[in-house]
Amino acid sequence: MEQDKIKQFSDLLSIYCDKKTILSFIEKIDGCPFSGFVTNANDKIEKAFSQDSHIYQSKLDKNFYYFDKEDVEEEKLGNSLYHHLGFFYIMDPASAYMTERLSELIRPNGLVLDMCAAPGGKTISLKLRRDDLDMIACDIAIDRAKELNRNIERMGMDIKTICIDPVRLALHDIFDAIILDAPCSGSGMIRKERKMAEDWSSQKVLRLLPIQKALLEKAYALLAPGGILAYSTCSLSYEEDDAQVHAFLSAHPDMEEILVDVADSVVKKDHGYHLIPGVFPGEGIYFAFLRKKGTSREPLKSARLKEKSPVDGYILFPYKGNAYLTRRMPSLLASLDYLRPGIRLYDASEHPKFRYDNGYSKVATGFPFLDLSRQEAIRYFAGEEIRIDSPEKDGIYILRFDERPIGFSKKVGNRLKNYLPKGLRASLW
């Protein structure tokens, strides 16, 4: 990186970092960015990648694994069988660390909103750690929201998704936690995306400050008493980070900062925590946890639903001509315009091969299972019909690999018909 750019970004740190930290940042500014993935299936991951010394568990986060980008191709890892089965989600180590800290603070069965969620890393990372949470993931851009939706579906998660400007959400103070990963200048990602260095300017910072402030104000209005606001950016700029939080706390004396234990590689300043490239083993983000004073809200009333769910622990929510499985549907949320209010029950394509949606196979309990070998599972994802020597009787089965459902199939003799939708098929390694 050019020297004037290096000075430009290192100057951003001078407000809240000592000289040693700044020198570490400068030394590693042209280094290879850290990458990894978050999971809650550690035993399966360790078995799958035990022979690869370039994939290793984080010392700071037991659910996070690093991979050496110089020896492990991210595209290949993202096209692996375990990735397509939803065993893990590839994301930045710093973002994963933030959600690990946040996961310990939210009350049991809490209602959580991710205001700017796409492509879904923080939402998915938090849900992997806290499956009890009822989560809504929102993004303002339809293309990004659809990508968010696809990632959640691949993970087989009961997370509701919506596409709307979060400032326009017609709700009140009901959320037990809100993640606000605000639009920012992106200076913390200059190693991961080199174009960010050229794109950055002080004018961009100033242009984004009022947007961040408006989102913070909306988050305050949506947050229940006793609720937690997790504010974050991938910016190194003091104005977007501590200064923004300081102004917010000054405007809202009923909000208070939450202090958490962090690693020695995390920089603590006035109100939040800075993860600096070259110091923390990840890319650059800032986060602050803030609590609205007061007692927790009253329990939310559930929507009245007539149809009985086919799966214990879920309710059946009819929506736009289909039906969706979700753990909870508060009546206040039933009228939202969803991309996905839960796990879809029926195949909505024009000429479905099978009545039920592939996503339903992830939670369905009324079907027998057939376990596939690794090669059989890879062939199934390729759209092939599987030949199998099995004494099981003919009929509908849910196919599995390593105890994780893949999808539906019909056994006819020694053949397994492939019901995997074309949009989910892939040539895997």
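Cut-off values and rules
Residues numbered from 1 in each chain as written. Predicted model: local features only at pLDDT ≥ 70, side-chain atom pairs only at ≥ 80, totals over all residues. Heavy atoms only, no water. Helix = DSSP H or I, 4+ residues; strand = E, 2+ residues; numbered from the N terminus. Rg over C-alpha atoms; globule rule 2.2 N^0.38 Å. Buried < 20%, exposed > 50% of the residue type's maximum accessible area, 1.4 Å probe, protein only. Contact = heavy atoms within 4.5 Å. Lys, Arg positive; Asp, Glu negative; His and termini not counted. Charge placed at Lys NZ, Arg CZ, Asp CG, Glu CD. 1 Å grid on protein atoms, 1.4 Å probe; cavity = no way out; pocket = protein on both sides within 12 Å on 5 of 7 lines; lining within 4 Å. Points joined across faces, edges and corners; volume = space filled by probe spheres on them. Nonpolar A, V, L, I, M, F, W, Y, C, P; charged D, E, K, R; others polar. Polar contact = N/O pair within 3.5 Å; in protein donor to acceptor, adjacent residues only side chain to side chain. Pairing = 2+ DSSP bridges. Salt bridge = Lys/Arg side-chain N within 4 Å of Asp/Glu carboxyl O. Axes fitted to C-alpha atoms, helices over the stretch in contact; angles between N-to-C directions. Parallel < 35°, antiparallel > 145°, perpendicular 65-115°, else oblique. Left-handed = near helix turned anticlockwise from the far one by under 90°.

Draft legend 1. Layout of the overall build of the protein. From N to C terminus, the protein includes 12 helices and 22 strands. The globule rule puts the C-alpha radius of gyration for 429 residues at 22 Å, and the 23 Å found for the protein is close to it. Dimensions along the principal axes, computed over C-alpha positions, put the protein at roughly 70 × 50 × 35 Å. Every one of the 429 residues in the protein was classed for burial, and the buried ones make up 56%. Counting only contacts in the protein whose residues sit at least 6 apart along the sequence, the fraction spanning at least 24 positions is 69%. Counting 61 positive and 63 negative side-chain charges, the protein places the centres of these two groups 6 Å from one another.

Draft legend 2. Geometry of the layout of surface pockets. In this structure, the second largest pocket spans a volume of roughly 470 Å³. Looking at the second largest pocket, it is lined by 22 residues, and the ones nearest its centre are Asn40, Met155, Gly156, Lys362 and Arg404. Contributions of two or more residues to the lining of the second largest pocket are made by helix H7 (121-129) and strand S21 (404-412). Partitioning the lining of the second largest pocket into residue classes produces 10 nonpolar, 3 polar and 9 charged.

Draft legend 3. Seen up close, the side chain of Ser125. Residue position: Ser125 is located in helix H7. Classification of Ser125 as buried rests on a relative accessible area of 0%. At 2.6 Å, the side chain of Ser125 forms a polar contact with the side chain of Thr99. Those residues in contact with Ser125, other than ones at most four positions away along the chain, are Val38, Met91, Ala96 and Thr99.

Draft legend 4. How the structure looks around the sheet that holds strand S19 (residues 386-387). Read across the open sheet, the 5 strands follow the order S18-S20-S21-S22-S19; overall the sheet is mixed. Every interior strand has two partners, whereas the edge strands, strand S18 (369-371) and S19, have only one.

Draft legend 5. Region of interest: empty space enclosed by the protein. Scanning all chains against the criterion turns up 1 cavity of 30 Å³ or more. Approximately 50 Å³ is the volume found for the largest cavity. In terms of lining residues, the largest cavity is bounded by Ser58, Leu60, Asp61, Phe64, Tyr66, Pro93, Ala96, Tyr97 and Phe280. Within the lining of the largest cavity, the residues separate by chemical class into 7 nonpolar, 1 polar and 1 charged.

Draft legend 6. Summary view of the pattern of salt bridges. For the coordinates displayed, the defined rule picks out 27 salt bridges. In this structure, the salt-bridge partner of Asp11 is Lys7, at a minimum N-O distance of 2.8 Å. Of the two residues, Asp11 and Lys7 both sit in helix H1 (residues 3-13), 4 residues apart, roughly one turn of that helix. Of the residues examined, Asp11 reaches a relative accessible area of 38% and is grouped as partly exposed. Lys7 gets classed as exposed once you look at its relative accessible area, which sits at 51%. In this structure, the salt-bridge partner of Arg400 is Asp371, at a minimum N-O distance of 3.0 Å. Taken together, the positions of Arg400 in strand S20 (residues 395-401) and Asp371 in strand S18 put the pair 29 residues apart, joining distant regions of the chain. Linked by salt bridges that have partners in common, Asp43, Lys44 and Glu403 make up one network.

Draft legend 7. Structural view of the packing of H1 against helix H2 (residues 19-28). Closest axis-to-axis distance for the H1/H2 pair is 10 Å, and the angle between their directions is 150°. On the basis of their axis angle, the class for H1 and H2 is roughly antiparallel. For the pair H1 and H2, the sense of crossing is right-handed. Within the contact between the two elements, H1 uses Ile6, Phe9, Ser10 and Leu13 and H2 uses Ile22, Phe25 and Ile26. The class makeup of the residues in the contact of H1 with H2 is 6 nonpolar, 1 polar and no charged.

Draft legend 8. Local environment of the sheet that holds strand S15 (residues 322-326). Pairing is antiparallel across the open sheet formed by 3 strands, whose spatial order is S14-S15-S17. Each end of this open sheet is capped by a strand with a single partner; those strands are strand S14 (315-319) and strand S17 (343-344). Of the pairings in the sheet, the one linking S15 to S17 comprises 2 bridges and is antiparallel in character. Within S17, the residue paired with Leu325 across the bridge is Ile343.

Draft legend 9. Here's a closer look at helix H6 (residues 93-102). Of all 10 residues that make up H6, 10 are buried, and the element is covered over most of its length. For H6, every residue scored as buried is listed here: Pro93, Ala94, Ser95, Ala96, Tyr97, Met98, Thr99, Glu100, Arg101 and Leu102. Capping of H6 at its N-terminal end is provided by Asp92; its side-chain oxygen lies 3.0 Å from the backbone amide nitrogen of Ala94.

Draft legend 10. Seen up close, unusual backbone geometry. Each neighbour pair has its own omega, and for Ala118 with Pro119 the value is 5°, a cis peptide bond. Relative to the helices and strands, Pro119 is located in the loop between strand S5 (111-114) and H7. Even without being a glycine, Asn109 presents a positive backbone phi close to 60°. Inspection of the secondary structure assignment puts Asn109 in the loop between H6 and S5. Since its relative accessible area comes to 44%, Asn109 is described here as partly exposed. In this structure, Asp402 is a non-glycine residue whose phi angle is positive, near 50°.

Draft legend 11. Main features of the environment of Pro225. Among the secondary structure elements, Pro225 is positioned in strand S9 (residues 223-233). For Pro225, a relative accessible area of 27% translates into the label partly exposed. The sequence separation of Pro225 and Asp18 amounts to 207 residues, and the corresponding C-alpha distance is 37 Å. Leaving out residues up to four positions away in the same chain, Pro225 has contacts with Asp173, Lys292, Lys293, Gly294, Thr295, Ser296 and Arg297.

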